[in-house]
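Take a look at the letters that make up each chain.
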Amino acid sequence: MLADVVPVVHQLAPGLLTSSHPSVAWIRTTRAKYLVFDADATRPVCVVEFGDAERLRRVHAILLELHRRCPGDVPRPLASAPWVAGTAVHIQEGLPGVPWFRLADSLPSADAWRSLLDRAVAVMQRLDAAIIAVPAWVGTVDVREALAEQVRVSRRHGALAPLLLLQVEKCGDRLRSLAPLPAVWQHGDFSLNNLMVSPDSIAVIDFDDFGLTQVPLHDAFGLALSFQLSQDGQCPIGAAECVERCLAATTSFGRLDDGTVHGLLLHHLLWRINQCHGHPTRERLRAWLTAAVQRVVWAPGNGLSAIA
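Described below are features of the structure shown in this document. Along every chain, residues carry numbers that run from 1 in the direction the sequence is written. Local features in a predicted model are, by the rule used here, given only for residues with pLDDT of at least 70; side-chain atom pairs are given and counted only at 80 or more, and totals for whole chains, interfaces and linings are based on all residues. Processing note: side-chain calculations cover all non-hydrogen atoms of the structure and skip hydrogens and water entirely.

1. With respect to the side chain of threonine 213
- Numbered from the N terminus, helices here are DSSP runs of H or I no shorter than four residues, and strands are runs of E no shorter than two. By the secondary structure assignment, threonine 213 is in the loop between β9 (202-204) and α6 (218-229).
- Polar contacts, as counted here, are pairs of nitrogen or oxygen atoms within 3.5 Å of one another; within protein the pair requires one atom able to donate a hydrogen and one able to accept it, and residues that are adjacent in sequence qualify only if both atoms are side-chain atoms. A polar side-chain atom of threonine 213 sits 3.2 Å from the main-chain amide nitrogen of valine 215.
- Note on definitions: a residue-residue contact is assigned when non-hydrogen atoms from the two residues lie within 4.5 Å. If we skip the residues at most four places from it in the chain, threonine 213 touches Val184, Trp185, Gln186, His218, His267 and Trp271.

2. Here's the deal with the environment of aspartate 258
- Mapped onto the fold, aspartate 258 is located in helix α8 (residues 258-275).
- In sequence terms aspartate 258 and glycine 301 are 43 residues apart; their C-alpha atoms lie 5.4 Å from each other.
- Residues in contact with aspartate 258, not counting those within four places in the same chain, are Gly301 and Asn302.

3. With respect to the nonpolar core
- One finds Leu66, Leu195, Phe207, Phe221, Leu223, Phe227 and Leu269 to be the most contacted residues of the largest nonpolar core, which totals 75 residues.
- Looking at which element gives the most residues to this core, the answer is helix α3 (residues 110-132), with eleven residues.
- With residues near it in sequence (within four places) discarded, leucine 269 still touches Leu225, Leu289, Ala292, Val293, Val296 and Ile307.
- The nonpolar core is taken to be a set of buried Ala, Val, Leu, Ile, Met, Phe, Trp, Tyr and Cys residues, with the residues joined through side-chain atoms within 4.5 Å. Relative accessible area decides the class of each residue, using a 1.4 Å probe on protein chains only: under 20% of the type maximum gives buried, over 50% gives exposed, and in between gives partly exposed. Formed by 15 residues, the second largest nonpolar core is a distinct cluster that contains Val6, Ala13, Leu17 and Val36.

4. Things to note about the sheet that holds strand β5 (residues 87-93)
- The criterion for strand pairing is that DSSP finds at least two bridges linking the strands in question. The sheet built from five strands is open, its strands ordered β1-β2-β3-β5-β4 with antiparallel pairing. Each edge of the sheet is formed by a strand with only one pairing partner; in this case those strands are β1 (23-27) and β4 (77-82). Sheet twist, expressed as the mean angle between neighbouring strand axes with direction ignored, is 20°.
- One ladder, built from five bridges, connects β4 with β5; its direction is antiparallel. Bridging from a neighbouring strand, proline 77 pairs with glutamine 92 of β5. A fitted line through C-alpha atoms represents every axis, and for helices the fit uses only the stretch in contact; the resulting angles, taken between N-to-C directions, go from 0 to 180 degrees.

5. As for the pairing of β1
- Alignment of β1 against strand β2 (residues 33-37), held across five bridges, turns out to be antiparallel. Bridge pairing links tryptophan 26 to tyrosine 34 in β2.
- Two successive antiparallel strands, β1 and β2, enclose a turn made up of five residues.

6. Details of the packing of α6 against α8
- In contact at an axis separation of 10 Å, α6 and α8 are set at 65° when each is read in the N-to-C sense. As α6 packs across α8, the resulting crossing turns out to be right-handed. Two secondary-structure elements touch here, α6 through His218, Phe221, Gly222, Leu225 and Leu229 and α8 through Val261, Leu264, Leu265, His268, Leu269, Trp271 and Arg272.
- Here the residues of the contact of α6 with α8 sort into eight nonpolar, three polar and one charged. A clockwise turn of the near helix away from the far one marks a right-handed crossing, whereas an anticlockwise turn of less than a right angle marks a left-handed crossing. Side-chain classes are defined by residue name, with Ala, Val, Leu, Ile, Met, Phe, Trp, Tyr, Cys and Pro counting as nonpolar, Asp, Glu, Lys and Arg as charged, and the others, Gly among them, as polar.

7. Side note on the packing of aromatic side chains
- Side-chain rings of Phe, Tyr and Trp, where Trp is taken by its six-membered ring, are said to pair if the distance between their centres is within 6.5 Å; with planes under 30 degrees apart they count as stacked, over 60 as edge-to-face, and otherwise as tilted. For the structure on display, the rule yields eight aromatic pairs.
- Ring geometry for tryptophan 113 against phenylalanine 227: centres 6.1 Å apart, planes inclined by 70°, an arrangement best described as edge-to-face. Residue tryptophan 113 is located in helix α3, and its partner phenylalanine 227 is located in helix α6; the two are separated by 114 residues in the primary sequence. Considered together, tryptophan 113 and phenylalanine 227 belong to a single accessibility category, that of buried residues.
- For the pair tryptophan 185 and phenylalanine 210, a centre-to-centre distance of 5.7 Å together with 65° between the ring planes defines the contact as edge-to-face. Residue tryptophan 185 is located in the loop between β7 (181-184) and β8 (195-197), and its partner phenylalanine 210 is located in the loop between β9 and α6; the two are separated by 25 residues in the primary sequence.
- The class for phenylalanine 210 is buried, based on a relative accessible area of 0%.
- Every member of this aromatic cluster is reached through a ring pair, and the members are Trp26, Tyr34, Phe50 and Trp83.

Rendered as structure tokens:
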């Protein structure tokens, strides 16, 4: 497909490429993406992806809604069209910034990491406000039932020990009297891995998991934990501090008591473990998350002190 990328951009986004020799970089992730560089060799002019037609149409529609409401925080969708044999091609604008694996190069101190976290939280808040503006993306969630569903999925996958899942269920039973909480669709994988960071901006990418869960605080937990998970120990601030800073700035769900936060944290961890099923490359992540569940499930209060 590499040879098809530039012709596809010329066809679906005429006039976007202006140089006579644009270049393409192939990013080997779970789903391959192609970065197209034109006159500026430091920033891709667009990102091209080939894949399942239904999935890419969904991503295109999501970005259309969000970019209209927070244009600086998400990429602008440029084109989406059928490709071959039930697949499609999607083109979105390229964004400035460095990817997650280069962040540590420019963060010399703990305060610099905290500043990055605060900037990322601000983007998460703006994204949350944009999502709330779409009525179809707003609802309520029964936290106890949401946690119970993740336990059922874990049992089917054999992802966690039966005794550990029994203890998670006991934690869920404590939420029996909790009324359904206001909820909005979550990005699903809001993390350093899916942020493009530059000195002047931070933008969110990869909306494949958008709306797969609407359980409150899911994105806040994901962002906080990614400061440890994606940086191979280079981040000098601990996971518990990161979570506490994220939760302190997350106000759209109102003030939640310790027992509710504990249940939401367990849901986040189990949900991510279940998302790892069938992906051997995520085994290291699954092991970390499993160890976190083992600590959090027995922890008093909201469980944040046991997260790392």
